[in-house]
Amino acid sequence: FFRKMPRPSFRAALSLLVSGVAGSAAPVMLTVAGSDSGGGAGIQADLKACEALGVFGTTALVALTAQNTLGVHAVHPVPAAFVRAQIDAVLGDMGAHAVKTGMLPSEEAIATVAEALDEHAVAIRVIDPVIVAASGDVLAGPAAVAALKRLLLPTATVLTPNMPEAGALLGVAAPTSVEEMRAAAAALLDLGPQAVLLKGGRLPAPEAEAAEGGAAEAAEGRAAVGMVDVYADAEHGVVELRYRRVATNNTHGAGCTLAAAVAAELAKQVHSGTGPLQPLEAVRAARAYVAEVFAASAGGKVGTGLRGPLNHARALWRGGSDGAVHDEL
């Protein structure tokens, strides 16, 4: 159903990639993920985050979903050859300062994406290992998880699992405390990524508030309790990032949004050309954006389902109110 374009040689593709990025007026981020017809998660959330953060977003779809705030009603995987054609088309012209991967539903899809990114010499990669949905549904089987660990995790600039996904990648139970999150982040770092951001939205608020040990970030402050993410890299070690949380059901697409925002911030760093890459600073900036989005989303309503989408535009929705961040990341 599509016309297969001739694939450029590696040297030609690399030349086009470099020239496209070098001549770009804006930072460019490619997101390789699934589509959410309801507009809350997946590629739609990624593009909204890019636009809000001043980054030009491009896409390669790996799956189409028929979904809304009530749930996922159908999934249609995109053929691997067409996934590759999309990546080649984008990177062969515009290049990318950073790439973010999301839902990759099969071993074939993961292998296709990994090969394409390697051949196009894309160095800055945010790998969001979409394995377990917020509902608890398993989105990737054992073969896909193994392929992800083998082909993409060792190449990640930042790996962004949630708590169940961290357990799945490590072959252990999901962490249930800040101390277990710290241990899991360190263990994930041993799998090869340059940095790990372990999203702690599923951590019970009392556990997050009670945790007093470790290298919590003074900038976020211990008074800002209720939400803890754990970051790890070789330079900073294991760092607790603390935030406030507010009760809201508008959490659909939170994990996609945070990973996309991290990739967008890294793309801005690369585009600026002002110095070495600073993943922790990208994470901090992305977290600040997500906090604004949750505050703008609190109290509003889109759709009839339990979990509504996020308000990336940050204009006050009818019925909404300002507030602090609540996560289901």
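The written sequence of each chain sets the order in which its residues are numbered from 1. Under the rules for a predicted model, residues below a pLDDT of 70 receive no local features and side-chain atom pairs below 80 are neither given nor counted, while totals for whole chains, interfaces and linings still include all residues. Side-chain measures were taken over the full set of non-hydrogen atoms in the model, leaving aside hydrogen atoms and water.

(A) Representation of the packing of aromatic side chains. Here a pair means two rings of Phe, Tyr or Trp (six-membered ring of Trp) with centres within 6.5 Å. Their orientation is stacked below 30 degrees between planes, edge-to-face above 60, and tilted elsewhere. Under the counting rule described, the total for this entry stands at 0 aromatic pairs. Placement of a positive charge over a ring is assigned whenever Lys NZ or Arg CZ falls within 6 Å of the ring centre and within 35 degrees of the normal to the ring plane. A cation sits over an aromatic face here: arginine 287 above tyrosine 243, 4.5 Å from the ring centre.

(B) How the structure looks around the environment of alanine 33. Structurally, the position occupied by alanine 33 is in strand 1 (residues 28-36). For alanine 33 and aspartate 128, which are 95 residues apart along the polypeptide, the C-alpha to C-alpha distance reads 9.5 Å. We call two residues contacting when some pair of their heavy atoms lies within 4.5 Å. Residues contacting alanine 33, with those up to four places away along its chain left out, are Ile43, Asp46, Ala60, Leu61, Val62, Ala63, Gly102 and Met103. Put simply, DSSP H or I for four residues or longer makes a helix, DSSP E for two residues or longer makes a strand, and each gets a number counted from the N terminus.

(C) Just the nonpolar core, in detail. For our purposes a nonpolar core is just a set of buried Ala, Val, Leu, Ile, Met, Phe, Trp, Tyr and Cys residues, chained together by side-chain atoms within 4.5 Å. Summary of the burial criterion: residues with accessible area below 20% of their type's maximum are buried, those above 50% are exposed, and those between are partly exposed, where the area comes from a 1.4 Å probe applied to protein chains only. Leu30, Val32, Ile87, Leu148 and Leu169 are the most contacted members of the largest nonpolar core, which has 43 residues in total. Core analysis: the next-biggest nonpolar cluster, separate from the first, contains 35 residues, Ile124, Ala195, Leu197 and Val239 among them.

(D) Region of interest: the pattern of salt bridges. The rule for a salt bridge is simple: a side-chain nitrogen of Lys or Arg has to be within 4 Å of a carboxyl oxygen of Asp or Glu. Overall, the coordinates contain 12 salt bridges when judged by the stated rule. Across the pair arginine 84 and aspartate 88 runs a salt bridge whose closest N-O atoms are separated by 2.9 Å. Remark: aspartate 88 and arginine 84 occur in helix 3 (residues 80-91); sequence separation between them is 4 residues, near one turn of the helix. In this structure, arginine 84 and aspartate 88 share a single accessibility class: buried. Of the charged contacts in the structure, one is a salt bridge between arginine 84 and glutamate 115, with a shortest N-O distance of 3.3 Å. Separated by 31 residues along the polypeptide, arginine 84 in helix 3 and glutamate 115 in helix 4 (residues 107-119) bring together distant segments of the chain. Through salt bridges with shared partners, a single network forms among Arg84, Asp88, Glu115 and Glu119.

(E) The packing of helix 9 (residues 254-272) against helix 10 (residues 279-297), seen in detail. Between N-to-C directions, angles cover 0 to 180 degrees, with each direction set by a line fitted to C-alpha atoms, over the stretch in contact for helices. At a minimum axis separation of 8 Å, helix 9 and helix 10 run at an interaxial angle of 135°. Considering the angle they form, helix 9 stands oblique to helix 10. Every pair of crossing elements has a handedness; the one defined by helix 9 and helix 10 is right-handed. Facing helix 9, whose interface residues are Ala254, Thr257, Leu258, Ala261, Val262, Glu265, Leu266 and Gln269, helix 10 presents Pro279, Glu281, Ala282, Val283, Ala285, Ala286, Arg287, Tyr289, Val290 and Phe294. Convention used here: angles under 35 degrees read as roughly parallel, angles over 145 as roughly antiparallel, angles from 65 to 115 as roughly perpendicular, and any remaining angle as oblique. Note on convention: the crossing is left-handed when the near helix lies turned anticlockwise from the far helix by less than a right angle, right-handed when the turn is clockwise.

(F) Molecular detail of the environment of valine 283. In this structure, valine 283 sits in helix 10. Residue valine 283 is classed as buried on the basis of its relative accessible area, which comes to 0%. Excluding residues that lie within four positions of it along the chain, valine 283 makes contacts with Leu197, Tyr231, Leu241 and Val262.

(G) Structural view of unusual backbone geometry. At alanine 121, a position not held by glycine, the phi torsion is positive, near 55°. Inspection of the secondary structure assignment puts alanine 121 in the loop between helix 4 and strand 5 (125-127). The partly exposed category is assigned to alanine 121, whose relative accessible area is 37%.

(H) Representation of helix 2 (residues 42-52) in the model. Here helix 2 has its buried residues at Gly42, Ile43, Ala45, Asp46, Ala49 and Cys50. The buried residues of helix 2 occupy an angular sector of 160° when projected down its axis, which confines them to one face. In this structure, the buried residues of helix 2 make contact with strand 1, strand 2 (56-68), strand 4 (98-101), helix 9 and helix 10. Among the residues trailing helix 2, glycine 54 stands out with phi positive, at a value near 80°. Think of it as the arc spanned by the lines of direction from the helix axis to the C-beta atoms.

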